[in-house]
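Commentary on secondary and tertiary structure
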Amino acid sequence: MGRVILAILLAITFLCCGGFTVESAEPKVGGRLTVVQWEDPLNINPMFHKSDIAMNRISSNVFDALLEWDFDQKKLVPMLAEEWFQKNPTTWVFKIRKGVQFHKGYGELTAEDVVFTANYILQKNAPTKFLFDFVKEAIMVDKYTVEYRLERPHAPFLLSSAAGIGGMIVCKKAFEEKGVDVFNRNPVGTGPFEFVDWVPGSHITLKRFDKYWQKGLPYIGTLVWKTIPEAYTAQTMLRAGEIDFLPAPNFKDIKSLEKLPNVEIQSVGGANWDYLTFDCKKKPFDNKKVRQAIAYAIDRQAIVDAVYYGLAEADDDPLPTGYLGADPDVMAYPNKANIEKAKQLLTEAGYPNGFETTIITSSKENLRRVTQIVTEQLKKIGVRAKIEQLDMATYVKRTRAASDFEVELEDIGIMSADPDSAFWWFHHSGTVRMHGHENAAIDAKLEEGRSTGDTGKRAKIYQEVTKMILEESPYVYFCHVSKVNAYTNKLKGYKATPLDIELKFHKAWLDR
Amino acid sequence: MGRVKLLMPGPKEFSGEKRAIPHTQWALFWRKFRKIALAKVGAITLLMLGLCAVLAPYLGLPSITEMDLSQSATPPTWLHPLGTDSYGRDLLARLIYGARVSLSVGLSSVGLSMLAGIPLGLLAGYFRGKLDSILMRLMDAIFSFPPILLAIALVAILGPSAGTVVIALSVVYTPRFARVVRSSTLAESELEYVLSARAIGASHWRIMFIQVLPNVVGPITVQATVTFAYAIITEASLSFLGLGVQPPSPSWGLMLNEARMYIEDAPYYPIFPGLAIVIAVLAINLFGDGLRDALDPRQQRGE
Amino acid sequence: MIKARYVINRLLQIPISLLIISILVFFLIHLTPGDPVELALPPGASRELANQIRQQLGLDRPFHEQYTNWLFNAMKGDLGKSIQTGEKVNDMLIDRLPVTVTLATTATVISVVVSLVGVFAAIRFHRKTDYVIMLFSTIGISVPNFFAGILLIIFFGVFLRILPISGFVNPLKDPIEGMRHLVMPAISLGLLYAALHTRMVRSSMLDILNQDFIRTARAKGLREYQVILRHGLRNALLPIVTVVGMSYAYMLGGSIIIEQVFAIPGIGRLLIIAVTSRDFPVIQGVLLIVGITFLMINFLTDLLYGIIDPRIKY
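Notes on the structure follow. Treat the numbers as computed from the prediction; the structure is a model and nothing was measured.

Summing up its helical and strand segments, chain A has 15 helices and 21 strands in all. Taking 512 residues into account, the globule formula puts the C-alpha radius of gyration at 24 Å, and chain A, at 25 Å, falls close to it. When burial is assessed residue by residue, chain A has 60% of its 512 residues classed as buried. Once local pairs closer than 6 in sequence are excluded, the contacts in chain A between residues at least 24 apart make up 69%. Split by element, the accessible area of chain A, about 19,600 Å² in all, is 53% carbon and sulfur. If you average the places of the 65 positive and of the 67 negative side-chain charges in chain A, the two averages end up 2 Å apart.

Each helix and strand in chain B was counted, giving ten helices and zero strands. When the helices and strands of chain B are listed from N to C terminus, the series reads α-α-α-α-α-α-α-α-α-α. Each of the 303 residues in chain B was classed as buried or not, and the buried ones make up 52%. Put simply, of all contacts in chain B between residues at least 6 apart along the chain, 70% involve residues at least 24 apart.

This paragraph deals with the sheet that holds strand E4 (residues 81–88) of chain A. All names here are of chain A. With antiparallel pairing, four strands are arranged side by side in an open sheet as E4-E5-E7-E6. Strand pairing shows two members of the sheet lacking a second neighbour, E4 and strand E6 (135–142), which therefore form its edges. Between one strand axis and the next, the sheet turns by 20 degrees as a mean value, whatever way the strands run. Relative to strand E7 (residues 145–150), strand E5 (residues 91–96) is paired through five bridges, and the arrangement is antiparallel. The residue bridging Lys95 from the neighbouring strand is Thr145, located in E7. This element, helix H3 (residues 111–123), spans E5, E6 and E7 of the sheet and lies at about 165 degrees to E6.

Moving on, we get to the pairing of strand E18 (residues 475–481) of chain A. All names here are of chain A. Counting buried residues along E18, seven of its seven residues qualify, which places the element largely inside the surrounding structure. Summarising the sheet, strand E13 (residues 272–278) and E18 pair through four bridges and their orientation is antiparallel. Residue Asp274 lies in a different strand from E18, and its bridge partner there is Cys479. Inspection of the sheet shows strand E14 (residues 312–314) paired to E18 by three bridges, in the antiparallel sense.

Moving on, we get to helix H10 (residues 339–349) of chain A. Residues and elements named next belong to chain A. The set of residues buried in H10 consists of Ile339, Ala342, Leu345, Leu346 and Ala349. The buried residues of H10 occupy an angular sector of 130 degrees when projected down its axis, which confines them to one face. Gly350, located one to two residues past H10, shows a positive phi value of around 105 degrees.

With that settled, consider the environment of Ser363 of chain A. Structurally, the position occupied by Ser363 of chain A is in the loop between strand E15 (355–361) and helix H11 (365–379). Setting aside anything within four residues of it in sequence, one finds Ser363 of chain A in contact with Arg368, Leu390 and Met392 of chain A.

Another point: the pairing of strand E3 (residues 75–78) of chain A. Residues and elements named next belong to chain A. Note that strand E2 (residues 67–70) and E3 share four bridges and pair antiparallel. Pairing of Trp69 across the sheet is with Leu76, part of E3. Two successive antiparallel strands, E2 and E3, enclose a turn made up of four residues, where Lys74 displays a positive phi of approximately 55 degrees.

Residues and elements named next belong to chain A. At their nearest, the axes of helix H8 (residues 288–297) and H10 sit 8 Å apart, and the two run at 165 degrees to each other. As the angle between them shows, H8 and H10 are arranged roughly antiparallel. For H8 against H10, the interelement crossing comes out left-handed. Where H8 approaches H10, its residues Lys289, Val290, Gln292, Ala293, Tyr296 and Ala297 are matched on the opposing element by Ile339, Lys341, Ala342, Leu345, Leu346, Glu348 and Ala349. Taken together, the residues of the contact of H8 with H10 break down into nine nonpolar, one polar and three charged.

This part takes up the packing of helix H7 (residues 128–140) of chain C against helix H9 (residues 175–209) of chain C. All names here are of chain C. One can describe the packing of H7 onto H9 by two numbers: an axis separation of 8 Å at closest approach and a directional angle of 140 degrees. Taken together, the axis directions place H7 and H9 in an arrangement best described as oblique. Two packed elements cross with a definite hand, and for H7 against H9 that hand is left-handed. Residues Asp130, Ile133, Met134, Ser137, Thr138 and Gly140 of H7 form the contact with H9, whose own contacting residues are Leu191, Leu192, Ala195, Thr198, Arg199 and Arg202. The residue makeup of the contact of H7 with H9, split by class, is five nonpolar, four polar and three charged.

This brings us to unusual backbone geometry. Most peptide bonds take the trans configuration, and most residues that are not glycine carry a negative phi. Residue and element names in this part refer to chain A. Going from Leu217 to Pro218, the amide bond is cis rather than trans, its omega being -10 degrees. If you trace the backbone, Pro218 turns up in the loop between strand E9 (203–208) and strand E10 (222–227). At the junction of Lys283 and Pro284, the peptide bond is cis and its omega measures out at -5 degrees in the coordinates. Along the polypeptide, Pro284 turns up in the loop between E13 and H8. With a phi angle near 60 degrees, Ala248 is a residue other than glycine that sits in the positive phi range. Following the sequence through the fold, Ala248 ends up in the loop between strand E11 (245–247) and helix H7 (254–258).

Residue and element names in this part refer to chain A. Taken as a whole and assessed by the stated rule, the structure comprises 34 salt bridges over all chains. Measuring nitrogen to oxygen at the nearest pair gives 2.5 Å for the salt bridge that ties Asp511 to Lys28. Here the residue Asp511 occupies a position in the segment after strand E21 (509–510), and Lys28 occupies one in the loop between helix H1 (2–21) and strand E1 (32–37), the gap between them amounting to 483 residues. Here Glu471 ties to Lys288 by a salt bridge, and the two come within 3.1 Å at their closest N and O atoms. Placement of Glu471 in helix H15 (residues 455–472) and of Lys288 in helix H8 is noted, with a sequence separation of 183 residues between them. Residues participating in the shared-partner salt-bridge network are Lys87, Glu137, Glu147 and Arg149.

By size, the foremost hydrophobic cluster in this structure holds 137 residues, and its most contacted members are Ile152 and Trp252 of chain B together with Trp70, Phe146, Ile256, Val261 and Val286 of chain C. Considering each element in turn, this core owes the most residues, twelve residues, to helix H13 (residues 280–308) of chain C. The residues touching Trp252 of chain B, leaving out its near neighbours within four places in the chain, are Leu49, Leu95, Gly98, Ala99, Ser102, Pro273, Ala276, Ile277 and Ala280 of chain B. Judged by nonpolar contacts, the second largest core, of 103 residues, contains Ala111, Phe130, Ile412 and Leu499 of chain A.

Calculation rules
- Residues numbered from 1 in each chain as written.
- Chains lettered and ligands numbered in written order.
- Predicted model: local features only at pLDDT ≥ 70, side-chain atom pairs only at ≥ 80, totals over all residues.
- Heavy atoms only, no water.
- Helix = DSSP H or I, 4+ residues; strand = E, 2+ residues; numbered from the N terminus.
- Rg over C-alpha atoms; globule rule 2.2 N^0.38 Å.
- Buried < 20%, exposed > 50% of the residue type's maximum accessible area, 1.4 Å probe, protein only.
- Contact = heavy atoms within 4.5 Å.
- Areas by Shrake-Rupley, 256 points an atom, 1.4 Å probe, with all protein chains shown as cover.
- Lys, Arg positive; Asp, Glu negative; His and termini not counted.
- Charge placed at Lys NZ, Arg CZ, Asp CG, Glu CD.
- Pairing = 2+ DSSP bridges.
- Axes fitted to C-alpha atoms, helices over the stretch in contact; angles between N-to-C directions.
- Arc of directions from axis to C-beta.
- Parallel < 35°, antiparallel > 145°, perpendicular 65-115°, else oblique.
- Left-handed = near helix turned anticlockwise from the far one by under 90°.
- Nonpolar A, V, L, I, M, F, W, Y, C, P; charged D, E, K, R; others polar.
- Salt bridge = Lys/Arg side-chain N within 4 Å of Asp/Glu carboxyl O.
- Core = buried A, V, L, I, M, F, W, Y, C linked by side-chain atoms within 4.5 Å.

Given below as C-alpha cells:
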C-alpha cells in the first residue's frame, strides 16, 4: 500500500515538474529581436531581387506573396490570394483576400496592386523577371480578381511567380508616390512587420504591424536587422546577449554555441548545393567518362564532416530530400568515393596518368576549404589541380559572362520550392550557368517538366532527368548544406525553412 | 645624486648639438650600451629572420600546404610548438616561410623604388628648373596620397598577388627616395668638387653618378630602412584585406586574417602572426635608428 | 608673408589636380576585370537581361563618352547612382563620410595628446624616461594598426568583455555608447601617429631647448618650468601642427583597414565593398571626395606653415 502511494506521489511529482517544463504555450506580444545580416541589403523591394540574401530575408517580413509553399504539408497555402485556379491551360485566376491593409495607412490591397507589381516586373525588366518566364501579363478583372496570362502552359508558374519572392506584392500608391529610389529604401507592403528606418551600414529597423491581416500576428514588437560582416564578431555578440539571432554561424563554432545555456540551435536541411562544374567544351571535360570519373573520386562524406561538421546532407544529385522528384534511392555516385572505378574510367577515356587542370572558386570561406579538400581527393586519381581563388567580381565575370575556366567550384541556393528551379538554369541550353553541355534529350525532358501540370507525371519526369544528368555528369554535386540558426532561448515559435532566402518571424515570439 | 635638472649644452656645443653631457657614471655607461645594444639587437634579429627566410626549405619543417582539417587551430604542443592554423597546418613552419614572403616583398619593393627614385631625384636635384618642377610635382602627388589607397587601387586593377603588391609598393615609395636624393643632390651640387668637375668639362652623367651619388648614400640608406619597415607593414595590411598575397602562400598578414575567426576559442592563434610582424618591423626600426645615429655627422663630434 | 598671388595659384591648381585624378581613376577602374552588371544580377538571369541593364546604365558606351557624362554630372553635383543598389552616390557619401571623419578626428586628438609625452622625453633627455618613451614610440611605429585593433579586441572585447567589438554609434547622439564604440578603433588608428608625433615633439623640443633664446630666458632667472612652458613649448609645437594635417590625411587611408576590423560603416568600408563589386560610380565618388580632402588638407597645411613660420616667403 505504501508503495502504491509512493508511486502515485512520484507520478504526481513527475507530472508537476513535467507540467512546469512544458513551454508556456501563450505567445507574448512585444519585445525586440536583433537579427544579424552579413551586409546591408542593396534595397528592400522584391521586384528587384538579386543574389542578395539580406534583401530577400527582410522582404519576407515586410511583404506578403499571393501564395506560400508549406514545406511540411508539401502544398501551397493561401496568403494574399484566397483562391486560385486555372481558367484554361494558359490562364491562372487569383481571388484576392479582402480587407488586407498596407502599412502606414496606404489603404487596402486590391487587384490593382497585384497587377501593378507583375506588370512592372515584366515591362520594366526588373531583375525578378527571371522568375516570370512565359508570363505575358497580369489583368485586373475586378477589384479582387486577377488573371495572369501565360504564353504557354508552365508548371513552375505558381511556385515561381505567385509564391516566394516572385509573388510578393508591393503597394502601387506608395511606389508611384515615392518613386523607385525612395521606395526601395523605404518600402510599403502588407507583411507582418513595417519598415521604420535604415541606417546604412549599421542596421534596419522594422516594427510590428498591428493591422496585419493574420489576426493576432506577429508577436514580436521590434525587429532589428544589424549588419555585422564577420561571423566571429556576431558570435561574440550572441554570447554577450547583444544580438539575438544569428543565421548561419561558422560551422566550427556550432558545437561550442550549443553548450551555451542561453542559446538554442536549430538546423534544417538546406535547399542548396555545393558542386563543381566543368566547361564541357574544353578537353578533357568534353569526355563524359572524365566527368564521371571525377564524380566517383569525390568523397562527399569527408567534405560533410570536415567542412560542415556533419551539418550537411551528402548527395550526388541536385534535389534535396523532400523536393518533388527527389528519390534517395537514385544514387549513382556513392558518398564515399570509388577510386578504382574513377581510375578505370579515366584510363578508358585515355588518361591513365591523369591530367592537370585549374579549379577556380570565389572568396567564400567554406568553399575555399571544400576546394582544397577536393583537390587533395582528386590527386588520388592522378588529377593534379591548381587552385585559383578569385574575388567575387572576377569570379562572376569568368563564370557567367564568359566561360573562362576549366573547372569551377561554387554553391547555389535554390530559388523556389519547384524542382524546375533546380534544373532549368543549370542544365538547359542557352542559360548562363550551363557550360558547353548541350543535350537535346535533357532539354526536351526539362521542357516537358515545365509544361506538364500533373504532379505525379512531373515527379517521374524529374526523376528521369536526374538520372540523365547523373549519367552525363556536367555538374558534380557534393552535398546540401543545412541551414543552421543560433538564437537566444527566449525566442519561441520560430520555424526555419530550407530556402536560404527566407527568414520569416511572423509566428515567433519572445518569452520575456 | 638628487634630481638633475635639465642638462644644459656644454660650452663647446654651440651649433645645435643635441648631445648632453652625462653627469653620472651610470648615465655614461647606459648611453654607450644603449647605442650598441638596441641597434645590435635589431641587426641580429634581422639576420635571424633573413636566415629563416633563406634556409626555410632546408630546415626539415612540416608541410605548410598539406591540410588536416581535423586539427584546425589546435593549441601549442610538442609536435606543433605554436599550434596549428585553421587548416591544420603547423603554425610555426608557416610563420617561418612567411618570413620569406614578407622579406622578399619588402626588399623587392624597396629595391625597385630605389631604382626608380634615385635617378629621378638626381635628375631633379642636378638639373633643376623645369625638369625639377615637373618631377617633383609628380612625386608630391603620389606622396601625399595615402599609400594604402594607392596600393588598393593598383591591386584592384592588376589583380591581387605578391607581384602586384611589389609593383604597387614600388610606385608608392619611389617619391620618398626621389625627394631624399633630390635634397641631398641640391646641397651637394653647390659644393666645390662638383663645380670644379664641371669646369674641367666632365659630362653631367659622370658627375651625377660617379661623384654625387656616393655622397648621398647616407640618407639613402636611412630612407631604405624606414621604407623597408613600411613595406612590410603595408604588405601585411594588403594581405590582411585579401588584396595581397593569395592563399595558400603564407603571408603573415593573410595568416592574421585567417586567425580572426578564432578570437573566441583560441585567442593565442591571432597573436602569433601579428607578433611576427611586430618583431620584424621592430628589428628594422631599431637597426635603422642605430644606423641613423651612426651616420649622422653631427653626432660624431664631441664624444 | 604670403602673397595673395601664391594663394590663388595654389587654389587654382586644385581643380586641375582633381581632374587629373578623376581621369586616372576612371580609366584605371574600367581596366579592371570584372563586370558590375553580372555581379548585380541573380544567378538565373539571362544574358539578354544583363545586356539590357548595361544599356540602360550606359555602360556600353565608349570610355570618353562615359567619362564626359560623369564629369558633367559631377560638376552639377550629381555623382550618379550605385550600380548595385541604385542609391544616389551623394547620399551614400553623406551617410558615411561623417563616420570616418569622427573616427579620424578622434584618433588624431588621441595622437596629439599622447605626443605631449615627447616634451618629457626631451626634458629628461638621455635619461631613463627618455629611453622608455622612445622605446615605446619605436614599438608604436612597428605595430600594424589592424594588429593593434585585434589585440584590443581580444583584451577588452573578449577577455574582459567591457567594450563592444564592432559597430558605430554617433557620439553626438549617444555620447556614452558612442565613446565606447570609438575607443578601440580610434586607439588602433592613432597608435602609429601617436608614436610618430611623440618623436617629432621630442626632436622639436630638443632643438628649441638648445637654442639661444632659451639660454637667455634662463639667464634672466626665470624658473625652469616657465622657461619650458612659455618659451619652449609653443615654438616646439608649431611644426607639429602642420604635420598633423598630413597625418589626418593618411589616417583616412588607414581607416579603411580599421573600418574592416571593427565593422564601422564609413567611407573606407564603402570603398572596399565598391571595389569588390566593381561599382564604378561609387568608387569614383569616394576617390573624388578623398582626393578633394587631401588637396584641401595639403593646401591648408602649406598655408598654415607659411603663416606660422615667418622665415618662409612665398
